[in-house]
Amino acid sequence: MATHLLSRKIQNMSESATIQMAQKARDLKAQGHDVISLSLGEPDFDTPDYIKAAAKQALDNGYTKYTPVAGLMELREAISSKFKRDNNLDYAPNQIVVSNGAKQCIANICLALLDPGDEVLIFTPYWVSYFEIVKFAGGVPVPVYAGIEDDYKVSPQKLKEALNEKTKLIIYSSPSNPTGSVYTTEELEELAKVISNVNDLFVIADEIYEYINFQEKNPSIAQFPGMMEKTITVNGMSKGFAMTGWRLGYMAAPQWISAACAKVQGQFTSGANAFGQMAAAHALQNEPSKQDYMKDKYFKRRALVKARLDKIDGIQANSPQGAFYFFPNVSQLFGRSNGKRIISDANELCDILLTEAHVGAVTGDAFGDPNSIRFSYATSEEKLTEAMDRIEKTLANYK
Ligand SMILES: Cc1ncc(COP(=O)(O)O)c(C=O)c1O
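The numbering scheme is per chain: residues are counted from 1 as the chain's sequence reads. Under the rules for a predicted model, residues below a pLDDT of 70 receive no local features and side-chain atom pairs below 80 are neither given nor counted, while totals for whole chains, interfaces and linings still include all residues. The side-chain figures draw on all heavy atoms in the structure; neither hydrogens nor water molecules are used.

Asker: Would you mind showing me how to read the domain arrangement of the chain here?
Answerer: Reports often express the size of an interface as the amount of accessible area lost when the parts come together. For the chain, the assigned domains are domain 1 (3-46 + 291-396) and domain 2 (65-290). What fixes the domain bounds is an automatic or database domain assignment. Distance from the C-alpha centre of domain 1 to the C-alpha centre of domain 2: 26 Å. Any two residues whose heavy atoms approach within 4.5 Å at even a single point are treated as in contact. Contacts between domain 1 and domain 2 engage 39 residues on the former and 35 residues on the latter. Computed with a 1.4 Å rolling probe, the buried area is the accessible surface lost when two parts are put together, summed over both parts. Roughly 3100 Å² of surface becomes buried between domain 1 and domain 2 when both sides are summed, with 58% attributable to carbon and sulfur atoms. Taken as a group, Gln-291, Gln-321 and Phe-367 account for 22% of the area that domain 1 buries against domain 2, more than any other trio of residues on that side. The definition of a polar contact used here is a pair of N or O atoms within 3.5 Å, where within protein one atom must be able to donate a hydrogen and the other to accept one, and adjacent residues in sequence count solely through side-chain atom pairs. On the surface where domain 1 and domain 2 come into contact, there are 18 residue pairs in polar contact (both at pLDDT 80 or more). Secondary structure follows DSSP: runs of H or I at least 4 residues long count as helices, runs of E at least 2 residues long count as strands, and numbering of each begins at the N terminus. Counting only elements with at least two residues in the side of domain 1 that touches domain 2, the list comes to helix 1 (8-11), helix 11 (292-310) and strand 9 (325-326). Element by element, the count of residues in the side of domain 1 that touches domain 2 is highest for helix 11, at 7 residues. For the side of domain 1 that touches domain 2, the residue count by class is 19 nonpolar, 12 polar and 8 charged. Lys, Arg, Asp and Glu make up the charged group, whereas Ala, Val, Leu, Ile, Met, Phe, Trp, Tyr, Cys and Pro make up the nonpolar group; the residues left over, Gly among them, are polar.

Dropping the structure here:
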C-alpha cells in the first residue's frame, strides 16, 4: 500500500469513529452475535408516507433533471417560510442554499470562509465532523469545553476567554449531538452579546435536531440584535423527518456568504436531487407537529434509559433536553477490573461493552471528551431495555 502518497490533508483526517464503531458491531453480528448497536445517529423511523408520496408525484411530474445549484425555488421558498413560522427569522430565498445533507452545508461554509490559520472555536463535546471539516478547509479547530457539571453548555465567560484576533468562526449544535443539551433563549442571548461585539466573527448554528426538542421551541441565535449578519443557520431533513438517506440539508446566511457556498457547491456537486427537493418542500410546508409522534417516542425512551443509567454505579448521566443521545460521564469506572481486563479509558470501556455485553456505543474521545461515551436511543424500547440489562450485568463484574 502506498498510503504515504495520499495527500497530507487526507493523511491528517481521522475516520469517523461512529462509522468505525458501527462497522465493528456489524462484524460481530456477521459472526452470529446478537449485537444491539446504539452507536449511529439515525432515527429508527421510516420517512413519513406523505413525504414519500410527494417524491413519487414529483418523479411523475418530471422532476428528474439538474436543479439550480442553490436549490429549487419551490424548496427555497418553503424553507424561507419555515424560518419565519418556526424561528421568526426573515431569510429570503436568495439567502438559502440547499445541499446534499447538512454535512455538505457545513463543508461549503468552512471552505467559503476559512483561510489557513483562521481559528474556529468548536463547542465541545462536538459533533465529530466539525473538527475534520475545519482542518480540511485549512482552519485550526479550537475546542471550547464544557463538562457535565455545566450540562455541557459553554458559558459566555468561557467563550470570551477563548476568543482571540485569529478567531473567525464558532460552531455549535443545539440540540446537541453528542450531549442532547439545548441552549435556552437566555443562554443564547448571552452568547450573542459576546459574539455581536466582535468584528469579522461568524457563527454556524447547527439546528438539525430542532424538532427533537423536549423543552420549548428551539431558539435561534440569529434572532438577537446584531446576529443576523454574523450567523449561518444550518438545518436539514435527516433527523426531524427521518430522511437521512435522502441527503438533503440547507443553510441560510447573509447573501454574500450564501453566494460563496453556492459557488463551492457548483464546482463540487451541483444542486441536490430534484424529486427529493420537491418532497422536502412539501414536508416543510406542513406543520412540524405532524412528526410529533417521533418526538413522543424519543421522550419515552429517554426516560427509560435515564432511569436505568442512574442505577448503574460509576455512570453519571445528565437529562438531555433534545436530540436522541445520552453522553454519560464514565470516568468513575476507569481503573475497575474483572480480574482479566481493566477499564483503562472510554475506548476500552466501549470495547468491553461491545465484546462482552454486545452493545455498541461510541467513545467520547471522538467528540472531544475522553471521560464519556455516547449512546443513541433511537431504537425500540425492547432493545433499549435489553441493552441496559446487558450493560448493567457486564459492569457488575468490574470492581
Ligand atoms: C449535529 C449534526 N449536524 C449535522 C449532521 C449531518 O446531517 P446530514 O444527514 O443532513 O448531513 C448530523 C448528523 O449526524 C449531526 O448530528
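Asker: Before we go on, may I ask you to explain the nonpolar core in this structure?
Answerer: One recurring pattern in soluble globular proteins is that nonpolar side chains are buried together. Note on terminology: a nonpolar core comprises buried Ala, Val, Leu, Ile, Met, Phe, Trp, Tyr and Cys residues joined through side-chain atoms within 4.5 Å. To sort residues, take the accessible area from a 1.4 Å probe on protein chains only and compare it with the maximum for the residue type: under 20% means buried, over 50% means exposed, and anything in between is partly exposed. The biggest cluster of nonpolar side chains holds 82 residues, and the ones touching the most others in it are Cys-110, Leu-169, Ile-232 and Met-251. Considering each element in turn, this core owes the most residues, 7 residues, to helix 12 (residues 346-357). Residues from two domains meet in this core; each of domain 1 (3-46 + 291-396) and domain 2 (65-290) gives at least three. When near neighbours in sequence (up to four residues on either side) are disregarded, Cys-110 contacts Ile-133, Val-134, Ala-137, Leu-169, Ile-171 and Ile-204. Membership of the second largest hydrophobic core comes to 26 residues, among which are Ile-51, Phe-241, Leu-248 and Ala-281.

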